[in-house]
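# Structural features, examined
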Amino acid sequence: VLAFFLVPMGQSVFYMFNDVTVEPGGMKSVYVGGEILQDVLLDDPQNVRMMLTSIAQTLGEVLLIVAFSLFIAIILSQEFRGRTVARAIFALPIIVSSGVLLAVFKQDLFASSMAQTSDVTIFQSAALEMSMLKLGLDPSLVSQLTGAVSSILDLLWKCGVQILLFIGGIKAVPAHLYEVCSVEGANAWQTFWKVTFPLVTPFILLNAVYSIIDSFTDYGNTVMKSITDYFHEGMYAYSNTIALIYFVTILLVVGLVHLIVSRFVFYSTD
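Here we summarise the structure given alongside this text. Treat the numbers as computed from the prediction; the structure is a model and nothing was measured.

So, on to the overall build of the chain. The number of helices and strands found in the chain is 15 helices and two strands. Taken over 270 residues, the chain has a buried fraction of 32%. For the chain, the proportion of contacts with a sequence separation of at least 24, taken over those separated by at least 6, is 66%.

Next up, the structure:
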């Protein structure tokens, strides 16, 4: 913690109040007080707007990722022929977890879809958007729904770890509880809500926190791209200040989500 977290964090705080430049003799820092912080938060409103947008997109993604992961984990926990192959397919994103590889894969997929014009709407959801607007639905609602459809590939790619965690949680549910449900005549729907779901709520909290951090630090996140671009332009103190503010923002969001979700978590020892 001291070597890999506290020391770099202290350096980041130092750079936030100093104008840093790279010269032939090494790095040179000049104390400027809160000027850089003022530039990031007040002089350029785009930074705050970009972070708020990132928070909204992340929270929406996390809801879809956790729900979809739980759904797939329940299916993969059942006994059926080819279950091992199915689990391996959904674990593929864990093996190929690089954001760069995902970007290349998406470009190839988009190029192949452009070659067949009839398939383009499947990934861009243009036909779905047009149909929903003709039905008279609110444009903001249509935008959110079609946005989720268009980003389905990204969501699928981000569910590998969460699915495995949920499978482990489902397998950890004591078998005698299901036997009791069977004896008492409970159907599958009742068994899920009375037994499975309460006992996997700790894994819902775990996957929610993991998904939030993973989405905030994703390769395609606009804030992360902005930090990288400023750094490559030589604006080291400016990019460092955005990164530090973003780090604090992530901590606050994770803490708030943990505080809310933990109220509904049930542990078998309770």
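Structure's up, so let's keep going.
Locating Ile72 in the fold gives a position in helix H3 (residues 45-76). With 94 residues separating them along the chain, Ile72 and Phe166 place their C-alpha atoms 9.0 Å apart. Those residues in contact with Ile72 that lie beyond four places of it in its chain are Phe90 and Ile163.

A few words on the nonpolar core. Among the nonpolar cores identified, the biggest contains 38 residues, and Ile163, Ile212, Phe216, Val223, Ile242 and Tyr246 are the most heavily contacted of them. Taken together, the elements giving at least two residues each to this core come down to helix H2 (35-43), H3, helix H11 (160-171), helix H13 (188-216), helix H14 (222-232) and helix H15 (236-261). It is H3 that contributes the most residues to this core, ten residues altogether. What Ile163 contacts, discounting residues up to four positions off in sequence, is Ser69, Ile72, Ala73, Leu76 and Phe90.

Moving on: a nonpolar patch on the surface. On the surface, a nonpolar cluster with roughly 500 Å² of combined accessible area is contributed by Val1, Leu2, Phe5, Leu6 and Val7. Looking at where Leu6 falls in the secondary structure, it is placed in helix H1 (residues 2-16).

Here we come to the layout of surface pockets. Looking at the second largest pocket, its volume works out to about 410 Å³. Lining the second largest pocket are Ile74, Ser77, Gln78, Ile170, Lys171, Tyr178, Ala188, Trp189, Thr191, Phe192 and Thr196. For the lining of the second largest pocket, the secondary structure elements donating two or more residues are H11 and H13. For the lining of the second largest pocket, the element with the highest residue contribution is H13, accounting for five residues.

Here we take up a negative patch on the surface. On the surface, Asp19, Glu35, Asp39 and Asp43 cluster together into a patch of negative charge. When residues of the negative patch are assigned to their parent elements, the largest contribution, three residues, is made by H2. Within the secondary structure layout, Asp39 lies in helix H2. Taking the relative accessible area as the measure of exposure, Asp39 reaches 31% and is therefore partly exposed.

Let's shift gears to the side chain of Ser211. Within the element layout of this structure, Ser211 appears in helix H13. On the accessibility criterion, Ser211 (0% relative accessible area) is buried. Engagement of the side chain of Ser211 in a polar contact is seen with the backbone oxygen of Asn207, the distance being 2.6 Å. Not counting residues up to four positions away in its chain, the partners in contact with Ser211 are Val62, Ile65, Val66 and Gln162.

The next point concerns the environment of Ile167. Topologically, Ile167 is positioned in helix H11. Leave out the neighbours within four places in its chain, and Ile167 touches Ala73, Leu76, Ser77 and Arg87.

On to the side chain of Asn207, then. Its location among the elements puts Asn207 in helix H13. Taking relative accessible area as the criterion, Asn207 reaches 0% and is therefore assigned buried. Each residue touching Asn207, except ones within four places of it in the same chain, is listed here: Val66, Gln162, Leu165 and Phe166.

In total, this model carries one salt bridge according to the counting rule given. One salt bridge connects Lys158 with Glu61, and the closest N-O pair in it is separated by 3.0 Å. Residue Lys158 is found in the loop between helix H10 (152-157) and H11, and its partner Glu61 is found in helix H3; the two are separated by 97 residues along the sequence. Residue classification places Glu61 among the partly exposed positions, given a relative accessible area of 21%.

Cut-offs applied
- Residues numbered from 1 in each chain as written.
- Predicted model: local features only at pLDDT ≥ 70, side-chain atom pairs only at ≥ 80, totals over all residues.
- Heavy atoms only, no water.
- Helix = DSSP H or I, 4+ residues; strand = E, 2+ residues; numbered from the N terminus.
- Buried < 20%, exposed > 50% of the residue type's maximum accessible area, 1.4 Å probe, protein only.
- Contact = heavy atoms within 4.5 Å.
- Core = buried A, V, L, I, M, F, W, Y, C linked by side-chain atoms within 4.5 Å.
- Patch = residues over 30% accessible without salt bridge, like charges linked within 9 Å, V, L, I, M, F, W, Y side chains within 5 Å.
- Areas by Shrake-Rupley, 256 points an atom, 1.4 Å probe, with all protein chains shown as cover.
- Salt bridge = Lys/Arg side-chain N within 4 Å of Asp/Glu carboxyl O.
- 1 Å grid on protein atoms, 1.4 Å probe; cavity = no way out; pocket = protein on both sides within 12 Å on 5 of 7 lines; lining within 4 Å.
- Points joined across faces, edges and corners; volume = space filled by probe spheres on them.
- Lys, Arg positive; Asp, Glu negative; His and termini not counted.
- Charge placed at Lys NZ, Arg CZ, Asp CG, Glu CD.
- Polar contact = N/O pair within 3.5 Å; in protein donor to acceptor, adjacent residues only side chain to side chain.

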